[in-house]
Amino acid sequence: MPLRVEETFAARMADGGRQTGMWVSSGSPLVAEICAGSGLDWLLIDAEHSPNGLESLLAQLQAVHGYPVSAVVRPPIGDAVMLKQYLDLGVQNLLIPMVDTPEQAAELVRAVRYPPHGIRGVGSALARASRWNRIEGYLENAAESVTLLVQIETAAAVENVAEIAAVDGVDGLFIGPADLAASMGHLGQQEHPDVVAAVEHCIRVVKAAGKPVGVNAFAEATARHYIEAGVDFILVGADVALLARGSEGLAAKYISVSGSETRASY
């Protein structure tokens with residue numbers, strides 16, 4: 001029975017309306033499924049700073065399948081061999097970290113496309129992406145089933161943001177204020193005026209280029225500021241952060257601390 005490819009994250013953004021999401025960093029398919037049913041628009045399943053390999057990514061993709069949410073996956077690096085594995089696994093939406101130049105972005109486009117337009121290895125008969133060749137015309141139309149997002153996380157990337165946004169095949173740019181702050185000499189200060197100004201600059205430039213632009217912002221005031229600045233997609237929390245802060249709240253509510261005694265939360 002012929003099957004069809006699911007709607008990509010790029011297509012959802014093209015339909016209009018801001019896409020609001022959260023990180024899934026626990027590596028747990030159960031937690032991913034809970035988050036998928038939250039009512040948020042998208043999940044970022046992270047493998048850069050989280051305990052995720054191919055097997056756990058597969059389990060999470062299966063867990064969120066069927067929920068009205070887009071699953072975007074971030075690999076630890078934009079390596080062509082790793083991206084081939086992710087795509088064959090059925091990842092349709094990729095967010096690649098630390099993209100500093102248009103040349104890097106162009107190579108990533110080649111990595112997610114089959115020849116003659118790219119270098120992606122052909123193994124559709126073995127791959128979940130094509131549902132083991134049950135999706136008609138998968139090889140010919142595979143490029144249309146992939147959303148490629150690149151992450152702006154350094155001062156160098158900010159300088160090159162217009163050129164990166166102009167790369168054909170890059171579907172959107174996502175700004176990471178944490179690494180950007182560190183690159184600018186303001187480690188841990190995502191709300192530093194210089195960092196905020198750099199983020200705002202990127203938002204303006206990418207929007208002027210006609211591409212979607214996103215940002216990470218856990219602090220509500222910061223998130224709302226960037227929403228007002230016109231971001232098209234945003235991450236406003238993370239599963240592990242919600243669990244950490246929620247469990248700390250329970251401890252503070254029910255465990256009394258006397259005198260100078262302190263209890264470490266982490």
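It should be emphasised that the depicted structure is a prediction, and the values quoted were computed from it without experimental measurement.

Draft legend 1. How the structure looks around the overall build of the protein. Summing up its helical and strand segments, the protein has 12 helices and 8 strands in all. For 266 residues, the compact-globule estimate of 2.2 N^0.38 gives 18 Å, and the protein sits close to it at 19 Å. Dimensions of the protein, computed from the C-alpha atoms along their principal axes, are close to 70 × 40 × 30 Å. Across the 266 residues that make up the protein, the buried fraction comes to 45%. In the protein, 61% of the contacts between residues at least 6 apart in sequence involve partners at least 24 apart. Counting every atom, the protein has about 13,000 Å² of accessible surface; 55% of that belongs to carbon and sulfur. When the 18 positive and 31 negative side-chain charges of the protein are each reduced to one mean point, those points stand 5 Å apart.

Draft legend 2. Inspection of unusual backbone geometry at higher detail. In this chain, Pro115 is followed by Pro116 through a cis amide linkage whose omega measures 10°. The phi dihedral of Met98 falls on the positive side, at around 55°, and the residue is not glycine. Within the element layout of this structure, Met98 appears in the loop between strand S4 (93-96) and helix H5 (102-111). A relative accessible area of 32% places Met98 in the partly exposed class. Positive phi, normally seen in glycine, also occurs at Arg131, with a value near 50°. Structurally, the position occupied by Arg131 is in the loop between H5 and helix H6 (138-141).

Draft legend 3. Representation of the nonpolar core. Counting 55 residues, the largest nonpolar core has Leu43, Leu94, Ile152, Leu173, Ile175 and Tyr226 as its most contacted members. No other element matches helix H10 (residues 193-208), which puts 7 residues into this core. In contact with Leu94, not counting residues within four places along its chain, are Val72, Val73, Pro75, Leu83, Tyr86, Leu87, Val112, Thr147, Leu148 and Leu149.

Draft legend 4. Spatial organisation of the side chain of Arg120. With respect to the helices and strands, the residue Arg120 is situated in the loop between H5 and H6. In this structure the side chain of Arg120 is engaged in a polar contact, spanning 3.1 Å, whose partner is the side chain of Tyr138. Each residue touching Arg120, except ones within four places of it in the same chain, is listed here: Leu87, Asp88, Arg110, Ala111, Val112, Arg113, Tyr114, Pro115, Ala129, Tyr138 and Ala142.

Draft legend 5. Up close: the side chain of Ser145. Structurally, Ser145 is set in the loop between H6 and strand S5 (147-152). Exposure remark for Ser145: the relative accessible area of 6% places this residue in the buried category. Ignoring anything within four residues of it in the chain, the contact list for Ser145 reads Val5, Thr8, Gln92 and Tyr138.

Draft legend 6. Looking closely at the pairing of strand S8 (residues 233-238). Within S8, 5 of the 6 residues are buried, leaving the element largely enclosed by the surrounding structure. Judged from the 4 bridges that link them, strand S1 (residues 19-24) and S8 form a sheet pairing that is parallel. If you follow Trp23 over to S8, its bridge partner there is Ala238. Pairing analysis gives 3 bridges linking strand S7 (residues 213-216) to S8, with the strands arranged parallel. Residue pairing across strands places Gly214 opposite Phe233, the latter belonging to S8. Once you follow S7 into helix H11 (residues 220-228) and on to S8, the crossover reads as right-handed.

The rules behind each value
- Residues numbered from 1 in each chain as written.
- Predicted model: local features only at pLDDT ≥ 70, side-chain atom pairs only at ≥ 80, totals over all residues.
- Heavy atoms only, no water.
- Helix = DSSP H or I, 4+ residues; strand = E, 2+ residues; numbered from the N terminus.
- Rg over C-alpha atoms; globule rule 2.2 N^0.38 Å.
- Buried < 20%, exposed > 50% of the residue type's maximum accessible area, 1.4 Å probe, protein only.
- Contact = heavy atoms within 4.5 Å.
- Areas by Shrake-Rupley, 256 points an atom, 1.4 Å probe, with all protein chains shown as cover.
- Lys, Arg positive; Asp, Glu negative; His and termini not counted.
- Charge placed at Lys NZ, Arg CZ, Asp CG, Glu CD.
- Core = buried A, V, L, I, M, F, W, Y, C linked by side-chain atoms within 4.5 Å.
- Polar contact = N/O pair within 3.5 Å; in protein donor to acceptor, adjacent residues only side chain to side chain.
- Pairing = 2+ DSSP bridges.
- Right-handed = clockwise from strand over helix to strand, strands pointing away.

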